[in-house]
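Commentary on secondary and tertiary structure
So you can see what is in the structure, the chains are spelled out below.
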Amino acid sequence: MAAEGTPQTTTPAQAQAQAAIEQEAIRRMQAVLVGAVPLMPTLPLVAAGALWNRCGGWQLGAWLLAALLAPGLRYLLVRRYAASVTDHASAVRWANEVTVSALLDGVAWGVAGMLFLVHDSPALQMLLITMVVGTSTGSIFVTSFWPRSEFAFAVPSVGLTAVALALQGSEGGVGMGVGLVFFLGILYRIMGQAHGMTMETIRLQFEKIALAESLQQQKELAEQASLAKTHFLAAASHDLRQPLHALGLFVTALQQRAGGSGLEALAGRIAGSVGALEGLLNALLDVSRLDAGVLQPQRGPVALHGLLDRLAAEFAPLAQAKGLAWRCEGPPTVVESDPVLLETMLRNLLSNAVRYTHAGEVALLWYTQEGTTVLQVRDTGVGIAPEHHRTVFREFVQLHNPERDRSKGLGLGLAVVERLGKLLGHALTLRSAPGRGTTFTLALPAHAAMPSAAGPLPSEALPEASADVAGAHILVIDDEAGVRDAMALLLGDWGYQVTLASSASEALARLTHPPHAIVADYRLRDERTGAEAIAQVRGAWGNAIAALIVTGDTAPDRLREASASGYPVLHKPVPAARLRAFLRQATRRPAPEAA
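Everything in this summary refers to the structure shown in the same document. None of these values were measured; they are calculated from a predicted model. (Residues numbered from 1 in each chain as written. Predicted model: local features only at pLDDT ≥ 70, side-chain atom pairs only at ≥ 80, totals over all residues. Heavy atoms only, no water.)

Description of the overall build of the protein
A tally of helices and strands in the protein yields 18 helices and 12 strands. Within the protein, buried positions represent 44% of all 595 residues. Within the protein, contacts between residues at least 6 apart in sequence are counted, and of these 74% link residues at least 24 apart. Accessible surface, the protein as shown: approximately 29700 Å² in total, 60% of it carbon and sulfur. (Helix = DSSP H or I, 4+ residues; strand = E, 2+ residues; numbered from the N terminus. Buried < 20%, exposed > 50% of the residue type's maximum accessible area, 1.4 Å probe, protein only. Contact = heavy atoms within 4.5 Å. Areas by Shrake-Rupley, 256 points an atom, 1.4 Å probe, with all protein chains shown as cover.)

Put into C-alpha cells, the structure is as follows:
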C-alpha cells in the first residue's frame, strides 16, 4: 500500500486521455461561441443607449468602443480556430487567447460599473447591475468547457461593480456590494460543478466510443477467427479426404477379394474403422455445407408416419439393446418440410437420445395443434444443465464426453440440427435438467394435402440399377495418383474398362472412343476444375456422356461452385455403393457416338 500523502502518478495513457478530453471540451466551446459571438455586441449597445442621456460624452463613447473590441477579438479567434488548432497544445493556446478576450470584456464591464452607476436613478443602476450579473451567469453555458474564461470575465466585471457600489457609502450600496461578492463565491461553486459535469459527459462519450470500437474490433477478430477456422477445416479436410477416399476404395476392393477367405474378418474390421473416420469427416462436411449456404431445402408435403416409421426401425433396436423402452406415437400427419433435411435433424436428435440415456425410455411423439405439428424427441437420460442450453448447440461441444471418445461422436450433431432448423424455418426448443432427461421440440407447419408416394431423394442419393454392365467404359479424371490406382482396381473388379487421366488434356489424348461415364475430381491441377474437364471431354465426344463430380473440398466457395456446375456431386470419401449406383445407372444406356 502506498504511504499516506504520496502523490498519485499519472500514466502516459491517462495523460493522453485527459488531453483528448480537454481538447474536445475546447472544440465544443468554440462550437457554442460560433453562435454566441455575433450576439455579444448587443448588450454594450443597449447599455450605451440607455445611459446616453445621463452619461453621454467621450467617456461613454470610449467605453462603448472598448466593450465592442472584446467581442470583435473573440470573433476573430473563433474564425481562425480551424486553422490554428491542430493538437492539444494549440487548442490550449487558443483557449487562453479566448480567456484574454474575456478578461478585456470583464474589465470593460467593471469600468462601466465604476463610471456609470447613476446615483439618483435606481432604474439605471439596476439595469447595469443586471447586465453585469446576467452576463456572468449566462456565460456559464459557454465557459463551463474552460472555466478560466468565466473567471477572467466575472471577477473584474462583478468585483469592480461591487467596489463601486460599496464606495457610494449608502447602506443599500454597501449591501449590494457585499451581495455581489457572495454572488462571485456562488458563481465559483456553480462553475466548478458545471465544469465537472461537462468533462464527465465528454469522458463517458469517449468511453462509449472506445467501447464501440473495441466491440467492433472483437467482432472482426471473431469473424476472422471463424473464417480462419473454416479455411483450416476446409484445407485439412480436403487433404485428409484424398487419401481416405483412396483408402476406402482399396478396402472395398480388399473385401471383395477376401470374401470366403481367412482375411474376410480382418478386411471387415478395417472397413469398420475407415467407416468411422468417414463419419467424423462427413459431420464436419455437414456443418461446412450449411455455413456455405449450399443446401437448398426442397419443401413439400411430407407424411410423418412414413418418415418416422423408418427412424423407428433404425433406432428402436438400438434403444432396446441398451434395455431402454421405445415409444413412437402420433396420428397420421402431413407436414410442410424437406423430408431429407427433416430426417437428418431427427436422426441426430435420436442418436443423442439413445447415446446419453442409460435407463428409462426414448420417445418420438407428435401431435397437431392449430395448424402446427409439434414433434418431440424425449429421453430420460443424463439431462443438460440450464447454463449449457445454448452451449450444446456449438460445434465440437460434448458435455458428457470430456475424454473425447470418438464412439460418442464429434459434437456436431446439435450444431447441424440448429442450422437445419433455421434453414427450414422450424422452431427448435430445448427443455432439460440434470438427471431429469431432455426434450427437443420441433414446430412444423401442418399440410392439408397428401404427399406423393415417392418423396424426393436425398441430394446425393443415386438410383440403383440391377447390375454392373461388363465392359462399359469409364473415364476417371483425378490428379491424385493414389485415387486413380484405387479407382482402376475397384472398377476393374466390377468389370468396367477404365481410362485414367490427371487432367482434361491427358484424358483427350488417351481416349479413342467415347466413354459411358466420366468421374472427375473437382479440384485439379493448375487451378482447373472437374466441371471444366467434363465440358471439354463432352465437347470432343458428345454431350450425352453421363458425368459425376467427386470432391474433397469443404470450403464454402468451392462447394457453391461444385453445386452450381449442374453435375451430380459426391463428397470424398465416396461410399463405394453410391459410386457403383451411379455407374450402373449411367451404363444402362449405350455409349454416345463421337461428336
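Quick word on the nonpolar core
In this structure, Leu 308, Trp 326, Leu 342, Leu 346, Leu 350 and Leu 375 are the most contacted members of the largest nonpolar core, which totals 37 residues. When residues of this core are traced back to their parent elements, those giving at least two are α11 (304-321), α12 (339-355), β4 (361-369), β5 (372-379), α13 (413-424) and β7 (438-445). Contacts of Leu 308, omitting those with residues within four sequence positions, involve Cys 328, Leu 346, Leu 364, Trp 366 and Leu 375. Cys 55, Val 118, Ile 140 and Ala 194 belong to the second largest nonpolar core, which has 33 residues in total. (Core = buried A, V, L, I, M, F, W, Y, C linked by side-chain atoms within 4.5 Å.)

Focus: the side chain of Asp 479
Relative to the helices and strands, Asp 479 is located in the loop between β8 (473-477) and α14 (481-493). With no salt bridge to any partner, buried Asp 479 finds its closest opposite charge in Arg 525, at an N-O distance of 4.8 Å. With residues near it in sequence (within four places) discarded, Asp 479 still touches Gln 242, Arg 484, Ser 502, Asp 521, Arg 523, Leu 524 and Arg 525. (Lys, Arg positive; Asp, Glu negative; His and termini not counted. Salt bridge = Lys/Arg side-chain N within 4 Å of Asp/Glu carboxyl O.)

Observations concerning a nonpolar patch on the surface
On the surface, Leu 103, Val 107, Val 111, Met 114, Leu 115, Leu 160, Val 163 and Leu 167 cluster together into a nonpolar patch covering about 640 Å² of accessible area. Contributing elements (two or more residues each) for the nonpolar patch: α5 (88-115) and α8 (147-167). The leading source of residues in the nonpolar patch is α5, at five residues. Following the sequence through the fold, Val 107 ends up in helix α5. Relative accessible area serves as the criterion here: at 36%, Val 107 is assigned to the partly exposed category. (Patch = residues over 30% accessible without salt bridge, like charges linked within 9 Å, V, L, I, M, F, W, Y side chains within 5 Å.)

Side note on the pairing of strand β10 (residues 517-521)
β10 sits mainly inside the fold: five of its five residues count as buried. Pairing of β8 with β10 involves four bridges; the strand directions are parallel. Note that in β10 the partner of Ile 474 across the bridge is Ala 517. In this view, the connection linking β10 to its parallel neighbour strand β11 (residues 546-551) by way of helix α16 (residues 530-541) has right-handed handedness. (Pairing = 2+ DSSP bridges. Right-handed = clockwise from strand over helix to strand, strands pointing away.)

Regarding the pattern of salt bridges
When their charged atoms lie close together, side chains carrying opposite charge are able to pair. All told, the structure shown has 16 salt bridges when counted by the stated rule. As a salt-bridge pair, Glu 343 and Arg 347 come within 3.0 Å of each other at their nearest N and O atoms. Here Glu 343 and its partner Arg 347 are both found in helix α12, four residues apart, which amounts to about one turn of the helix. On the basis of relative accessibility, which here comes to 27%, the residue Arg 347 falls in the partly exposed class. One salt-bridge network, in which partners are shared between bridges, spans Arg 310, Glu 314, Glu 343 and Arg 347.

Focus: the packing of aromatic side chains
For the coordinates displayed, the defined rule picks out four aromatic pairs. Between Trp 63 and Trp 109, the ring centres sit 5.4 Å apart and the planes meet at 80°, which makes this aromatic pair edge-to-face. In this pair, Trp 63 sits in helix α3 (residues 58-79) while Trp 109 sits in helix α5, placing the two residues 46 residues apart along the sequence. A relative accessible area of 5% means that Trp 63 is categorised as buried. (Phe/Tyr/Trp six-rings, centres within 6.5 Å; stacked < 30°, edge-to-face > 60°.)

Section: the side chain of Glu 343
Its relative accessible area of 14% is what places Glu 343 among the buried residues. Excluding anything up to four places from it in sequence, Glu 343 contacts Leu 307, Arg 310 and Leu 311.

Things to note about the packing of helix α2 (residues 42-55) against helix α6 (residues 122-138)
Orientation of α2 relative to α6, taken along the N-to-C sense of each, is 165°, at an axis distance of 11 Å. In terms of axis orientation, α2 runs roughly antiparallel to α6. For the pair α2 and α6, the crossing hand works out as left-handed. Contact residues: α2 offers Leu 43, Val 46, Ala 47, Ala 50, Leu 51 and Arg 54, while α6 offers Leu 124, Leu 127, Met 131 and Thr 135. (Axes fitted to C-alpha atoms, helices over the stretch in contact; angles between N-to-C directions. Parallel < 35°, antiparallel > 145°, perpendicular 65-115°, else oblique. Left-handed = near helix turned anticlockwise from the far one by under 90°.)

Points about the sheet that holds β5
By definition, the strands of a sheet pair up through backbone hydrogen bonds, in either a parallel or an antiparallel sense. Reading across from one edge, β2-β4-β5-β7-β6 is the order of the five strands in this open sheet, with mixed pairing throughout. Here the strands that pair on one side only, and so sit at the sheet edges, are β2 (325-329) and β6 (427-432). For this sheet, the mean inter-axis angle between neighbouring strands, taken without regard to orientation, is 15°. Direction of pairing for β5 relative to β7: antiparallel, over a ladder of eight bridges. Each bridged residue has a counterpart across the sheet, and for Arg 378 the counterpart in β7 is Thr 439. Relative to the sheet, α11 contacts β2, β4 and β5, its axis offset from that of β2 by approximately 175°.

Concerning unusual backbone geometry
Located in the positive-phi region is Glu 370, a residue other than glycine, with phi close to 55°. Mapping Glu 370 onto the fold places it in the loop between β4 and β5. The backbone phi angle of Glu 527 is positive, close to 60°, even though this residue is not glycine. With respect to the helices and strands, the residue Glu 527 is situated in the loop between β10 and α16. Its relative accessible area of 68% is what places Glu 527 among the exposed residues.

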